[in-house]
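# Report on the structure
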Amino acid sequence: MLAQDLSGAWKGNLEVQGMQIPLVFHLEKEGEQYKATMDSPSQGATGIPVDGAAWADGTLTLDVRAAGIKYVATLKGEALEGTFFQSGMELPLILERGESSVPGNPELVTTDAELDALAAVDQGNYRYSVEDYFARPKASTFRFSPDGTYLSYREKDENGKRHIYVKELSTGKVTRAIEEKEELVRGYGWVNNERLVYAMDKGGNENYHIYAVDLDGSDLVDLTPYEGVRASILELVKEDKQHIIVSMKRNNLQVFEPYRVHVRSGETEQLYSNEDIANPIMGYDFDKDGNLRGFVKLRDGVEQDIYYGGEDGSFNLLKSLDWKDNFGIMEFAYATSNPHDAYVLTNLESDKAEIVLYDLKADKVIKTLFAHEEFDAGGMGTSRKRDWEVDYFVYEGAKTEIVPVSETYKELHKKITERFPGKQYSIPDVTDEEDKLLIFVQSDKLYGTYYLYDVVKDEISELYNLMPQLKEEDMAEMRPISFKSRDGITLHGYITLPKAALQGKKVPVVVNPHGGPQGIRDSWGFNPEAQLFASRGYATLQVNFRISGGYGKEFLVSGFKQIGRKAMDDVEDGLQYVIDQGWVDADKAAIYGGSHGGYAVLRGLTKTPDLYACGVDYVGVSNLFTFMKTIPPYWKPYLKIMKEIWYDEDVPEEKAIMEEVSPVYQIDKIKKPLFVVQGANDPRVNIDESDQIVEALRKKGFDVPYMVKYDEGHGFGKEENSIHLYKVMMGFLAKHLGQQELPAPIKG
């Protein structure tokens, strides 16, 4: 028995409240000791460190302290039979040795050859290809070094890898600082004039690590070298060029805690402990010097307690609010003489979120700085160089609107808007001295162009057009629309119309519900999907249905417990509105969406089976019961909130609704073609959600194309996978919307 080698992958299913939760333990022998990791595929968690792996006297003991897990088992034949301990539960768990396998059921997945044959249905002499819309720009994500000496950017090579380069502006010398290899670089930034930081995960599993590197690519350091631990950057501290503040779920997989990390040595200092797992801290507020000034705790799963720091270093309760209330510190007001003043985005005294100047010590509003009657306030900007003067406020109505405040910014705003009429702009970066600005300009017909504004010379020069191959004159208009729902609510959205519709023809339409759904909204601007659809003769409808963000608290809350019900009614009412306008053909409406939008596709095909001609479900939920049970560990503290937004199966009436609105239970109502798309490593919407719907429909005799990418998560991040998705989608829509009956655009 003592000579038995337990190395390998051990798999089993844990039964919890009638659900089968797969677990995998990977054991590796080193000398006479074992080390191990754990995978929970249904939660998208892989490589979770096992702190203790002991094999003695025929008993294996595994400890996963971060998750409060212990497993004790004995070897019986070829199986480990034992008990799984967590949170007071003791559950039997039998593990069997097996080979590591891919997530989900690979036998359900449609072959690439079959998918390519479907893509080939999209025949036409089109002016633009799928690649024209979805190939990554040759260069993108431009940023200044803090002193403006360098300009960094991403540049794509011949293999589609998007490396990060640094250009010395005075000499033009270019150096590759970050090489993108198999895994995608998910984001990057400057921490000082000599060092960059960036984030990367594995195969889309969202367990990000943070790395730091010199401008020439040397001295590369993993600042968060902890397997199975998700990290994110909380603050790039302007006044401390040697440290960043990182959030990590290092001590417990369910909660995040803040750490100050030295960007060269990797030395880490924990700044606060998030020890109350039942009532965890949801967010932290740091000032410009990197000092923790406050935090927000979730209490009883649905309440929030806001704490603010006193002079003695303690944190005192400032407010107790319902989780639906908004009171968020945007930044501290360094322009005033009171160190306790802050700019706060809040809806405590109004339905629409407004920006106020707030005295946190006295717990009172000093004055309201910006509010809008119809829409939530969105943000603001201040000038570090000009003693933190307020420059502008911003909100999103039909389009994003900037309201200039300071005289300096009024002049800049006038200069930009006169130079680029009909466009939207943002300022993604500015040097510390504010003598160089990056301006990003876009519209519904312009993907986006970067400009460099030299303040001293007062010159705006074009830096880079991200998609020069897409000509504005060929792109479709994205038109804001408003209409009344069947129960009298005013709804907003957008219709993107191909040229044939503008000429009076009724065209096919793709109804595209957004993801989220709570607090998310569709926006005006360049949408590659809508433009691709328009190039093939399809209109695109996007409705900001009840529960969408930006329209006030009442509108948001009106969608709670209405997902799949009144929220879907709103989408249907939007479709009826564009039909009534004479823009689209009522018999040729497809429905397509991702995440919640994918759920809306499945719900639409079951709720109104005759309304849509076909559907495309992209990483969508099919079963609300399994969805709630397979959320990532770091979503667990928010489960009560999720139940307030969606439904609570412990309430009999709501359990009945969950069955009604879960597409997998209404499978017999689906009678129109469906294309399903999934990332195998998705930690949010587990692959089982897509497997369930595909398997159920196949058993009914449906031909359901099923695309799975095994190097992706919640949505596709790799260029080749995105292009493949849209090529197949275009073939699917051509097949089922009868697009081939429309005259094809002439290739130019």
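As a starting point, this report considers the structure included with it.

The rules behind each value
Residues numbered from 1 in each chain as written. Predicted model: local features only at pLDDT ≥ 70, side-chain atom pairs only at ≥ 80, totals over all residues. Heavy atoms only, no water. Helix = DSSP H or I, 4+ residues; strand = E, 2+ residues; numbered from the N terminus. Buried < 20%, exposed > 50% of the residue type's maximum accessible area, 1.4 Å probe, protein only. Contact = heavy atoms within 4.5 Å. Lys, Arg positive; Asp, Glu negative; His and termini not counted. Charge placed at Lys NZ, Arg CZ, Asp CG, Glu CD. Phe/Tyr/Trp six-rings, centres within 6.5 Å; stacked < 30°, edge-to-face > 60°. Lys NZ or Arg CZ within 6 Å of the ring centre and 35° of its normal. Pairing = 2+ DSSP bridges. Right-handed = clockwise from strand over helix to strand, strands pointing away. Axes fitted to C-alpha atoms, helices over the stretch in contact; angles between N-to-C directions. Parallel < 35°, antiparallel > 145°, perpendicular 65-115°, else oblique. Left-handed = near helix turned anticlockwise from the far one by under 90°. Salt bridge = Lys/Arg side-chain N within 4 Å of Asp/Glu carboxyl O. Arc of directions from axis to C-beta. Polar contact = N/O pair within 3.5 Å; in protein donor to acceptor, adjacent residues only side chain to side chain. Nonpolar A, V, L, I, M, F, W, Y, C, P; charged D, E, K, R; others polar.

### Notes on the overall build of the protein chain
A tally of regular secondary structure across the protein chain gives 13 helices and 44 strands. With respect to the three principal axes, the spread of C-alpha positions in the protein chain is 80 × 70 × 55 Å. Sorting the 748 residues of the protein chain into buried and exposed places 55% on the buried side. Considering only contacts within the protein chain whose residues lie at least 6 apart along the sequence, 51% involve residues at least 24 apart. For the protein chain, the distance from the average position of its 85 positive side-chain charges to the average position of its 121 negative side-chain charges is 3 Å.

### Quick word on the packing of aromatic side chains
In the structure shown here, the tally under the stated rule is 33 aromatic pairs. A centroid spacing of 5.4 Å and a plane angle of 15 degrees characterise the contact between Trp323 and Phe560, whose relative ring orientation is stacked. Of the two residues, Trp323 sits in the loop between strand 25 (315-322) and strand 26 (327-332) while Phe560 sits in the loop between helix 6 (553-557) and helix 7 (566-580), which places them 237 residues apart along the sequence. Grouping aromatic residues by their ring pairs yields a cluster made of Phe142, Tyr153, Tyr165, Phe440, Tyr450 and Tyr464. Sitting over the ring of Tyr126, Arg536 keeps its end group 3.9 Å from the ring centre.

### Re the pairing of strand 39 (residues 507-511)
Across the five residues that make up strand 39, a large majority, five, are buried. Bridge count for strand 39 against strand 40 (residues 539-544) is three bridges, and the pairing is parallel. In the sheet register, Val511 faces strand 40, and the bridge partner there is Leu541. Handedness of the strand 39-helix 5 (residues 528-535)-strand 40 crossover: right-handed.

### Some remarks on the packing of helix 1 (residues 112-119) against helix 13 (residues 719-737)
Axis separation between helix 1 and helix 13 bottoms out at 7 Å; the angle between their running directions is 55 degrees. In terms of axis orientation, helix 1 runs oblique to helix 13. Considering how the two elements wind past one another, helix 1 and helix 13 form a crossing that is left-handed. On helix 13, the residues touching Asp112, Leu115, Asp116, Leu118 and Ala119 of helix 1 are His724, Lys727, Val728, Gly731, Phe732 and Lys735.

### Describing the pattern of salt bridges
Summed over all chains, the structure comprises 50 salt bridges. Glu179 is the partner of Arg176 in a salt bridge, and the nearest nitrogen-oxygen pair spans 3.7 Å. By relative accessible area, which is 36% here, Arg176 ends up partly exposed. According to the relative accessible area criterion, Glu179 is partly exposed, its value standing at 40%. The shortest N-O distance in the salt bridge between Asp570 and Arg546 comes to 2.8 Å.

### Describing helix 1
Among all positions in helix 1, only Leu115, Leu118 and Ala119 are buried. Down the axis of helix 1, the sector holding all buried residues measures 105 degrees, keeping them to one side. In the core, the buried residues of helix 1 are packed alongside strand 43 (674-679), strand 44 (706-709) and helix 13.

### Things to note about the side chain of Asn512
Mapped onto the elements, Asn512 comes out in the loop between strand 39 and helix 5. There is a polar contact of 2.8 Å between the side chain of Asn512 and the backbone oxygen of Tyr592. Residues in contact with Asn512, not counting those within four places in the same chain, are Asp522, Glu529, Thr540, Leu541, Gln542, Tyr592 and Gly593.

### Topic: the sheet that holds strand 23 (residues 292-299)
On the basis of which strands lie adjacent, the open sheet formed by four strands has the order 22-23-24-25 and antiparallel pairing. In this open sheet, the two edge strands, each paired with only one partner strand, are strand 22 (281-286) and strand 25. Direction aside, the axes of adjacent strands within the sheet are offset by 20 degrees on average.

### Examining the environment of Thr368
Locating Thr368 in the fold gives a position in strand 29 (residues 364-370). With relative accessibility at 45%, the residue Thr368 sits in the partly exposed group. Each C-alpha atom, one on Thr368 and one on Tyr334, is 17 Å from the other, the two residues being 34 residues apart in sequence. Excluding anything up to four places from it in sequence, Thr368 contacts Glu354, Ile355 and Val356.

### Things to note about the packing of helix 5 against helix 13
At their nearest, the axes of helix 5 and helix 13 sit 12 Å apart, and the two run at 40 degrees to each other. Taken together, the axis directions place helix 5 and helix 13 in an arrangement best described as oblique. As for the relative orientation of helix 5 and helix 13, their crossing is right-handed in sense. Along its contact with helix 5, which presents Glu529, Leu532 and Phe533, the element helix 13 presents Tyr726, Met729, Met730 and Leu733. Grouping the constituent residues of the contact of helix 5 with helix 13 by class yields six nonpolar, no polar and one charged.

### Some points on the sheet that holds strand 28 (residues 354-359)
One open sheet accounts for four strands, arranged 26-27-28-29; its pairing is antiparallel. The sheet terminates laterally at strand 26 and strand 29, the two strands that pair on one side only. If you compare each strand with its neighbour and ignore which way they point, the axes differ by 35 degrees on average. With six bridges connecting them, strand 27 (residues 341-346) and strand 28 associate as antiparallel partners. Looking across to strand 28, one finds that Tyr343 is bridged to Leu357.

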